Structure formats: C-alpha cells, structure tokens
Amino acid sequence: MSQTTAKAAAADAGASAALRARTEVARLISYIVIGLGAAFLSLRASTLPTSRWEPLGAGSFPELVFGVLAVLCLIAAVRAVIDIRKAGGANRLGASLGEWLVARRYSFALFGLLVVYLLLLPLGGFSLTTFVFLLIAQLMIAGISKKTLFQSLIAAVIFSVGLNMLFAEVFNVFLPRGVLFAG
Amino acid sequence: MMLDAFLAGAHQVFAFDTLIYMLIGSVAGIVAAAIPGFTVTMAIILTLPLTFTMGPLQGVSVMLSVYVGGYTGGLISAALLGIPGTPSSVATTFDAYPMARGGEPGRALSLGVWSSFFGTVISTIVLIIAAPPLAMIAVKLGPWEYFSLIVFALTIVASLVGNSLMRGLIAGVIGLGLATIGPDPMMGQPRLTFESSVLMPGLPFLVVLIGIFAISQLMGELEDHGKGPSSDALIPDVIEFKTWAVMREVLMHPVNLVRSSLIGVFIGALPGAGGSIANLLAYDQAKRSSINPDEFGKGNPDGVIASEAGNSATAGGGLIPMIALGIPGSAVDAILMAALMVHGISVGPRLIMDNADLAYGMFVAMVVASLMMLVVCVLSMRLFLRVTDIPKQFIVPTVMICCVIGAFALNNRVTDLYLLGAIGLVGYGLKSLDYPLAPLVLGVILGPIAETNLRRALMSDADWTVFFTRPISAVLLAAALLSVIFSIRSVLKMRKKDRPATDEQNGD
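Cut-offs applied
Residues numbered from 1 in each chain as written. Chains lettered and ligands numbered in written order. Predicted model: local features only at pLDDT ≥ 70, side-chain atom pairs only at ≥ 80, totals over all residues. Heavy atoms only, no water. Helix = DSSP H or I, 4+ residues; strand = E, 2+ residues; numbered from the N terminus. Rg over C-alpha atoms; globule rule 2.2 N^0.38 Å. Buried < 20%, exposed > 50% of the residue type's maximum accessible area, 1.4 Å probe, protein only. Salt bridge = Lys/Arg side-chain N within 4 Å of Asp/Glu carboxyl O. pLDDT = per-residue confidence, 0-100. Contact = heavy atoms within 4.5 Å. Patch = residues over 30% accessible without salt bridge, like charges linked within 9 Å, V, L, I, M, F, W, Y side chains within 5 Å. Areas by Shrake-Rupley, 256 points an atom, 1.4 Å probe, with all protein chains shown as cover. Buried area = accessible area lost by both parts, 1.4 Å probe. Axes fitted to C-alpha atoms, helices over the stretch in contact; angles between N-to-C directions. Parallel < 35°, antiparallel > 145°, perpendicular 65-115°, else oblique. Left-handed = near helix turned anticlockwise from the far one by under 90°. Nonpolar A, V, L, I, M, F, W, Y, C, P; charged D, E, K, R; others polar. Disulfide = S-S within 2.5 Å. Phe/Tyr/Trp six-rings, centres within 6.5 Å; stacked < 30°, edge-to-face > 60°. Polar contact = N/O pair within 3.5 Å; in protein donor to acceptor, adjacent residues only side chain to side chain.

What follows concerns the overall build of chain B. The helix and strand tally for chain B stands at 21 helices and two strands. Relative to a compact globule of 508 residues, whose C-alpha radius of gyration would be 23 Å, chain B shows 23 Å and is just as compact. Each principal axis of the C-alpha atoms in chain B carries an extent, and together these give about 70 × 70 × 45 Å. Buried residues in chain B amount to 61% of all 508 residues.

Structure follows, in structure tokens:
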C-alpha cells in the first residue's frame, strides 16, 4: 500500500516538474514576444524628432523605457532557458497547450462573445446588443433549461434596458443608441 | 485655515444626498466583496462611472465607502465559508473560519467587523497626522527627487507583489511603456501611435485599468467551469452576533489592535502593497508575539482581530502617499487619483494646499464610511450571507457589461471599447503566466509623472550626475537599489532551499 502511495507521489512530483517546465516554456515565449516588441518600439521611438529646447526629446523616455524592458526580457529569457534545461526539458508541449485551452474554453468563449458584442454595439445600440449578449452568455455558462432560460431572460432585460434607463435618467450618461435606431 | 478647510469638507460630506450615496456605496462594497472572485478593486472600478456626474468630493466619498465596505465584506465569506471573498482576507480564514465552525459564527463576524472599524479609524488618525507635514516636505522636492521617488516606488512594487521580482519589474516597465503611447506630456507630440485613430489620444488610464483587472478577472472566473459544483458550505440558521460584548472583547486587546492597524497603515503607504499583504503580515506578527501561538489557527480571537484590523487599516495608509505626494499606494488609490483627475483636480503635494477642503473632506469621509460599514454590518449581516449564493451565470456577464459602460462613459468614445477588449486579453494572458498586474497599473499612472520630472530635471540642468549628488534623490535611488538587491537575495535563498527537492525529482 505504502509502496503504491510512494510511487504515486513520485509520479506526482515528476508530473509537477514537467508542468513547471511547460509553464516556464510558456513564460519564455512571453519574454521573447514582449522583448521583441519592446526592442521594436524602442527603435521606433528613437526616430522621433529631437527637441530644440531640451536635452531629452519626445522620443527619449519611451526609447529608454522600452530599451530597459527589452533588456529585462532578455535576462528573464536566459534564466528561463537555464531553468527549463535543469528541469530536464519540456515534453508534450502541444498536448499541454491543448489541455490549457480546454480548461479555459469558457473564458475564451466569453471573450469571443465580448468582441462580437463590442463590434456590434455601435450598430445595434446598447439595449439590444446587451440583451442578446447577456442572454447568450448566461445560457452558455448555466446551460439551457426552462428554468435558466426564464431567469436569464429576466436578468438580461433588467441589465440591458434597465441599465440604459438608469444611466440616461439618473446619471445623464447616454450609452450608444446604435446606427439602426439613430434616425 | 485648517479648521476652515476641515469644516468645509465636513459640510460637503454631511450633505444628505452624499450620505445616501455613501450608504449605497457601503452596501455595494460589502456585497461585492462577499462574492468570492470579486475583488475590492473591481467594485471600485465599477463605481467609478457612476461618480462622473457627482462633484469631486462626493464622488471620492462614495468610492471610499465602497473601499471601506469592501475590506469588511471579504470577511463574511472568509468566516462562514472558509473562502476569502477577496485576496485581502486570506489570513482571516485562518481563525475566523475555525471559530465559526466551532459554533460561534456570530462572534467571528462581529470580531471582524469591529476590528475592521477600529483599524480604519486608527489609520485615518495616522493619515490626518502624517499627510499634511509630509506634503509640506514634498512641495520642496525638486524634479530630481520626484523622479527618484518614482523609481523607488516601482522597485518596491515589483519586489513586494507576486512571486517573481523579474516578472514584477517587467510588468511595471510595460506599464511605463503603455503610458508613453499617445501625445507626449510636455509638448503634445504624438508618439508610437502608428497613425491609428484608436491610439492617437493615448491609452486612457481607466480603460487600461478596467481591461487589465476586471476583464481578466472575469475571464479567470470561468476557468475549469463545468467540472462540477464546489462543495456546499453550511451556514447555520441562527447566528448570534453579540455586538456589544464583542466590541468590549476587541477593545480588551488594545496592543494587538493598534499593532495590527499600524502594520496595515505602513503596508498601505508602501506603493503596490495593499490589504492582502497587510492581512497576512499582521496575522503573522500577532502570532509571533502571542504567549500561546499554538492557539492560532484554531479560532483564536487575536487572529481575527489582527487580520481584519490589518487589512482595513491599509485604506487610510494608502491615502497618505496619494494625498501627500501624488503617488498612489495601491491600485485602488490609483483609481481614486484618476477619478479626481477626471474632475480636473491635479493630485500631488499641492492638493492639500490648493484643495484643502477636498483633502480634509476625504479624511471625514473615511470616518463616516467606516461608521456606515459598522451600522450596515450590524443591522443586516444575515442578508449578505445570501449574496454568496448568487450563481456565476448572472454575475460574470452583467459585471462585464458594467465594465463596458465604465470604459465608454469616461470619454464617450467607441474606440475605447476596442482598446478595452484588446487590453483585457493581454491582461488575461499576463495573469495566466503569473505576471503581477498591480505594478503594471501603477506603472501606467506613474509613467507620465516620471517622464515629466525627468525632462524638467534635465531641462534645468543637463547633467545626469545631479540625480546622485542631491542628497534626497541619492538616498531614494540607493533605497531603490537596496530593495532590488534585497529581494534578489531572498529569491536566491529560497532557491537554495528548493534545490534538494528538484535534484531528487531529476533523479527519478
């Protein structure tokens, strides 16, 4: 019995080392992406015209900041490579990316919905687009049944039409009316 | 002069409509923080668009009452469910939860509420005493000292928050970088806008803030969704709060109460470190100095008092550098600062001189807010317990809509909404990779201040060495260097401790 637990613990430890290595690979990629972006922006800022009245022009500060960022990312990336090597390299990268995405499928689905919502908002106006967004998002999270459909409908009406009225009447903040209803 | 300003501020805070709004804010803060996964910061972000139409002091007072209420609300789910409602009530679960399980849920809650109240009041007293003289000194600082102060603030943020100094620094510098997009703060020359109309006006701080904190948090709430419900916690039907007896009990621990509050004030005043660190640190100190430390973790009242007084006291502490120096002590203070800027009030050491009624009004509002929190909690704590039952399907999408409204109402620009989406996705990515987000947000608000001071300094004297020859500036830069060295050392120490374990794993 104790042997099996020990084996399981060892397997767990191995798995967690592999997991750490994979997380470190993901971070390494982020260091590289951020570092390259920073290097590009730093170069771009250096082309801004210098000022005649002061030693630092408009471009000097961003050049400095993004330069520092690029150096920090380089150091972090080198350290990440060393750590990954120490952990014995990372395997099953593709599969673990898949697991990562599957665990977060609802998060990304919600974000996708948000993007579509934001794109349609100027067209459809606040009340209508928000109603549709809320209804779909709530049903996506709760699953579709008679009860959830009913609850979601009520919540969607309150927080679309209701919020719009609250902001317009009480706070004098006018949310987008939408091109469709502008006339 | 001071009394005049104090009375003028009090007069505005005690206006009937302000009190009503503050009461609503207080309830909203408690409710929001009682919902696990909903942080105090998020509650304040959502309050912000509602305060645009109010006067500056009224708006800030409402946000302060959400803030004070929020620090207490986290206690409810911490004590009864064992889940910290906000990150700043993690240590509260250590003793309040066992006490509640042990048959005294009312005592646990009342202890927390009273400790929060006294913690806030003590921190406000320190704030009133410390902020004006600090501001007097701060006005005399030149651009060299200011720039060095910001460098120091950012290194402290990076080393205190999160698990990695390097990622903290990277996040802080990303924030500084984001703030350089758009017109430059001195001459208005467009920078790094790539001729895009979205980037032309720069990245509005509040849109960055909502995207980075709220959108990423909401997306995070749905991770692992559908894996089955979490364990149900039992909330007893009858809870006896014994309000007054517990108040006496809290006052019977004056040393612990004052020590924890002062820890909270100090931690709150450090840029970037907020309630979550103060909560743990105050608890730890209480345990260390207790005569029977073994009792901690089993429902010891001292543990509850320390953790709750500690996190609530950061509210007043965080306002000290904001009011005196114009440097926010936490993300929440950064939002308060931004809210004042929306009203055209520049926050800095001159705030207390130019807008004394506003500064003193904020002090009054802190005390009023903590009193309201106390009254609301004592009268209706039971109702708030129901809040923890609201399912995610309602909270996540509706809060997201509130974020969208907040980002839009700031400038009435639809392009801000596209920025919100993009920044939200970036924030979620950074959060998933364990980058701390607070340094980034502070970087965005401190960036323009740092740049303006750096350029002013070099305009009056093009010599870089002045930064090291002016004594205060040199001390601040040395402190920045020390804080980095110190945290690198502690990381190395931790690695040494970990090494045997990793070697073993490699051997497998």
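The tally for this structure, following the rule as stated, stands at 13 salt bridges over all chains. With a shortest N-O distance of 2.6 Å, B:Glu249 and B:Arg107 are connected by a salt bridge. Pair noted here: B:Glu249 is in helix α10 (residues 243–251) and B:Arg107 is in helix α6 (residues 105–139), with a separation of 142 residues, a long-range link. Each member of the pair, B:Glu249 as well as B:Arg107, is classed as buried. Ionic pairing is found between B:Arg350 and B:Asp354, a salt bridge with its closest N-O pair at 3.3 Å. Since its relative accessible area comes to 43%, B:Arg350 is described here as partly exposed. Salt bridges sharing partners connect three or more residues here, namely A:Glu24, A:Arg27, B:Arg167 and B:Asp434.

Time to look at the confidence of the model for chain B. Residue and element names in this part refer to chain B. Confidence along chain B averages 84 in pLDDT terms, with 92% of residues attaining 70 or more. Below pLDDT 50 for its whole length, residues 228–234 participates in three contacts with residues either more than four positions away or in separate chains. Below pLDDT 50 for its whole length, residues 500–508 participates in seven contacts with residues either more than four positions away or in separate chains.

All right, on to a nonpolar patch on the surface then. A contiguous nonpolar patch, built from A:Val115, A:Val116, A:Leu119, A:Leu120, A:Leu123, A:Val179 and B:Tyr418 and spanning about 590 Å² of accessible area, is present on the exposed surface. Top element by residues in the nonpolar patch is helix α4 (residues 105–124) of chain A. It accounts for five residues. Here A:Val115 is to be found in helix α4.

A few words on the environment of B:Leu222. Considering the arrangement of structural elements, one finds B:Leu222 in the loop between α9 (205–221) and α10. As for B:Leu222 and B:Gln393, which are separated by 171 residues in sequence, their C-alpha atoms are 9.6 Å apart. Every residue in contact with B:Leu222, bar those within four places of it in the chain, is listed here: A:Ala103, A:Tyr106, A:Ser107, A:Leu110, A:Ile141, B:Lys392 and B:Val396.

Here the focus is the interface of chain B and chain A. Counting residues at the interface gives 64 residues for chain B and 70 residues for chain A. Summing the contributions of chain B and of chain A, the shared interface buries around 6,100 Å²; its carbon and sulfur component is 75%. Sorting the residues of chain B by area buried against chain A places B:Met166, B:Gln393 and B:Ile401 first, and these three jointly supply 10% of that buried surface. Counting every contact that joins chain B to chain A gives two salt bridges. Across the pair B:Glu223 and A:Arg104 runs a salt bridge, and its minimum N-O distance is 3.4 Å. Looking at the side of chain B that touches chain A, the elements that each hand over two or more residues are α8 (165–180), β2 (190–191), α9, α17 (392–411), α18 (414–432), α19 (438–460) and α21 (471–507) of chain B. Ranked by residue count, the leading element in the side of chain B that touches chain A is α17(B), at eleven residues.

With that settled, the discussion passes to helix α5 (residues 92–101) of chain B. Residue and element names in this part refer to chain B. Those residues of α5 lying buried are Thr 92, Thr 93, Asp 95, Ala 96, Met 99 and Ala 100. Buried residues in α5 make contact with α4 (56–81), α6, α12 (275–288) and α13 (301–325). Gly 103, located one to two residues past α5, shows a positive phi value of around 100°.

The next point concerns the packing of α4(A) against α17(B). Running from N to C, α4(A) and α17(B) cross one another at 40°; their axes reach a closest spacing of 12 Å. Our classification of the angle between α4(A) and α17(B) gives oblique. Handedness of the crossing formed by α4(A) with α17(B): right-handed. For the pair α4(A) and α17(B), contact is made by A:Leu110, A:Leu114, A:Tyr117, A:Leu118 and A:Leu121 and by B:Val396, B:Met400, B:Ile401 and B:Val404, respectively. Residue composition of the contact of α4(A) with α17(B), grouped by class: nine nonpolar, no polar and no charged.

Another aspect to go through is the state of the cysteines. Inspection of every chain in the model, using the stated rule, returns zero disulfides over all chains. Lacking any disulfide linkage, B:Cys402 is separated from the closest cysteine sulfur, that of B:Cys403, by 7.0 Å.

What follows covers the packing of aromatic side chains. Throughout the structure, instances matching the rule amount to 15 aromatic pairs over all chains. With a centroid separation of 5.7 Å and an interplanar angle of 80°, the aromatic rings of A:Phe108 and B:Tyr428 are classed as edge-to-face. Of this pair, A:Phe108 sits in helix α4 while B:Tyr428 sits in helix α18, placing the two residues on different chains. An aromatic cluster is present here, built from B:Trp114, B:Phe117, B:Phe118 and B:Trp244 joined pairwise through their rings.

All names here are of chain B. When you line up the elements, Thr 120 lands in helix α6. A polar contact is formed between the side chain of Thr 120 and the backbone oxygen of Ser 116, at a distance of 2.7 Å. The residues touching Thr 120, leaving out its near neighbours within four places in the chain, are Val 68, Ser 312, Met 366 and Ser 370.

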